[in-house]
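Close look at the chain arrangement
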Amino acid sequence: MGMFDNFLQHDETVFKEQLVLDYEYLPHILKFRENQQQYIANLLKPLFSSKMSSNILITGSPGIGKTACCRHILREMENFSDKIYGIYINCWKQDTSYKVLVDICHQLGYKWTANKKTNELMNEISKIVNKKAAVIIMDEVDKLKEEQIIYQLLEDLFRKSLILITNNKEFLATLDQRTKSRLIPEVIEFVPYSYKETYDILYERKKFAFYENVFPDDLFEHIAQKASDEKDIRIGLFLLKETGNATELRSSKKVSQEDIEKAISKVSSFQQTKTILDDEEKELLVMIKNNPGSSSSEIYTLYNQKFNKTDRTFRRKISTLKESDLINVTEERVNGTLMPYFFPKESNS
Ligand SMILES: Nc1ncnc2c1ncn2[C@@H]1O[C@H](COP(=O)(O)OP(=O)(O)OP(=O)(O)O)[C@@H](O)[C@H]1O
Ligand SMILES: [Mg+2]
């Protein structure tokens with residue numbers, strides 16, 4: 001081998017196909033989620049024969065295939081039949097009733113949304129969907145600012161299944177009773193992948209992403225291990241990408257131990273971006289930090305003075321802070337009823 005054989009030329013790259021390391025990339029086969037996919041498909045089956053179907057609530061921690069699994073099902077469903085509309089909404093992006101409805105209209109091919117009010121949009125959607133059936137996935141559903149839209153879809157659409165996805169296990173409890181009693185979902189909890197499964201999933205991505213001989217298997221194991229420790233496939237994808245970038249930065253054709261270490265040192269900053277609070281949640285956290293140990297009603301008074309929002313919205317925001325591990329909640333009995341008290345977590349104060 002010549003002295004310079006291991007050096008990348010200026011127009012060369014270690015990546016054969018970097019796209020497959022994107023978090024949004026949907027692999028053709030979703031291994032290790034076959035059972036969940038089959039279970040969901042069975043729940044949706046009645047829609048194909050114009051019957052009513054169940055609603056579904058999917059919970060589980062970040063980066064374990066909840067979104068991928070549901071998008072996969074939509075894709076298969078669309079290939080199988082045109083009797084059912086498949087709709088995917090990201091409620092982080094579409095966080096109001098109006099935005100959700102406009103997005104649904106566009107996915108249904110209805111373009112005349114300009115100047116229409118929320119109820120007019122809902123009418124147009126009902127007219128289209130009620131001739132057939134629909135599966136509507138509402139991903140990151142806890143990020144919705146108005147839960148009214150869930151109630152509306154449940155009320156106005158006949159043959160449909162709402163699939164709600166959230167990290168927040170307590171999401172159902174935050175819903176209004178009227179919505180809850182119409183939803184009555186089948187709850188499916190996704191659990192993190194084992195080490196072996198994490199290894200296989202990431203190995204497949206590595207194989208398609210990098211040229212042969214770039215990434216030695218023994219070094220790849222560190223990445224699989226880290227992703228498995230963190231129980232998050234997305235962290236594995238981040239590490240593969242960052243490692244490749246570090247290798248290119250050295251103008252090398254082969255990944256080294258140092259490249260992996262450099263990538264792993266960046267994981268904590270990547271993880272911090274996982275918890276993205278909205279502005280109200282951030283303000284609420286500051287209120288709790290400034291008044292540690294205050295009761296729920298004291299904090300609600302402050303919150304309400306500033307934002308003029310319902311108690312239910314407040315409870316949902318508190319629930320997000322709790323799920324994001326930013327606050328502790330203790331309960332004490334006051335005059336016969338349980339009163340929650342909020343404390344900021346040490347590491348975040
Ligand atoms: N079984 C699998 N096979 C191949 N890729 C997978 C599998 N499970 C997850 N992934 C990949 O891991 C990444 C994270 O998965 P996904 O986006 O579905 O996570 P999530 O559970 O929805 O997380 P979050 O709660 O943060 O939204 C995606 O790029 C996805 O393609
Ligand atoms: Mg997701």
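Residues numbered from 1 in each chain as written. Chains lettered and ligands numbered in written order. Predicted model: local features only at pLDDT ≥ 70, side-chain atom pairs only at ≥ 80, totals over all residues. Heavy atoms only, no water.

1. Structural notes on the site of ligand 1
The criterion, for reference: The near set for a molecule or strand comprises every residue that places at least one heavy atom within 4 Å of it. Nitrogen and oxygen atoms within 3.5 Å of one another constitute a polar contact, given that in protein one can donate a hydrogen and the other can accept it, and given that sequence-neighbouring residues count only through two side-chain atoms. In these tables, accessible area is a Shrake-Rupley quantity obtained with a 1.4 Å probe, and a residue counts as shielded only by the protein chains included in the view. Only DSSP runs of H or I with at least four residues qualify as helices, and only runs of E with at least two residues qualify as strands; both kinds are numbered from the N terminus onward. Residues are sorted three ways: Asp, Glu, Lys and Arg are charged, Ala, Val, Leu, Ile, Met, Phe, Trp, Tyr, Cys and Pro are nonpolar, and all the rest, Gly among them, are polar. The split into domains, and so the bounds of each, comes from an automatic or database assignment of domains.
Around ligand 1 sit 21 residues in total, of which Lys31, Lys66, Thr67, Tyr193 and Arg205 are the nearest. Between an oxygen atom of ligand 1 and a main-chain N or O atom of Tyr23, the distance comes to 2.8 Å. Between Ile64 and ligand 1, the recorded distance is 3.1 Å, taken from a backbone N or O atom to an oxygen atom. Relative to its unbound accessible surface of 630 Å², ligand 1 loses 94% to contact with the protein. Elements with a minimum of two residues in the shell around ligand 1: α2 (66–80), α8 (195–209) and α10 (233–249). Across the shell around ligand 1, the residue classes break down as 11 nonpolar, 5 polar and 5 charged. Each of domain 1 (34–189) and domain 2 (194–272) gives at least three residues to the shell around ligand 1.

2. Let's talk about the environment of Ile64
With respect to the helices and strands, the residue Ile64 is situated in the loop between β1 (56–59) and α2. Ile64 sits 127 residues away from Val191 along the chain, and the two C-alpha atoms are 7.3 Å apart.

3. Observations regarding the domain arrangement of the protein chain
In terms of domain boundaries, the protein chain breaks down into domain 1 (34–189), domain 2 (194–272) and domain 3 (279–348). Between domain 1 and domain 2, the C-alpha centre-to-centre distance is 34 Å.

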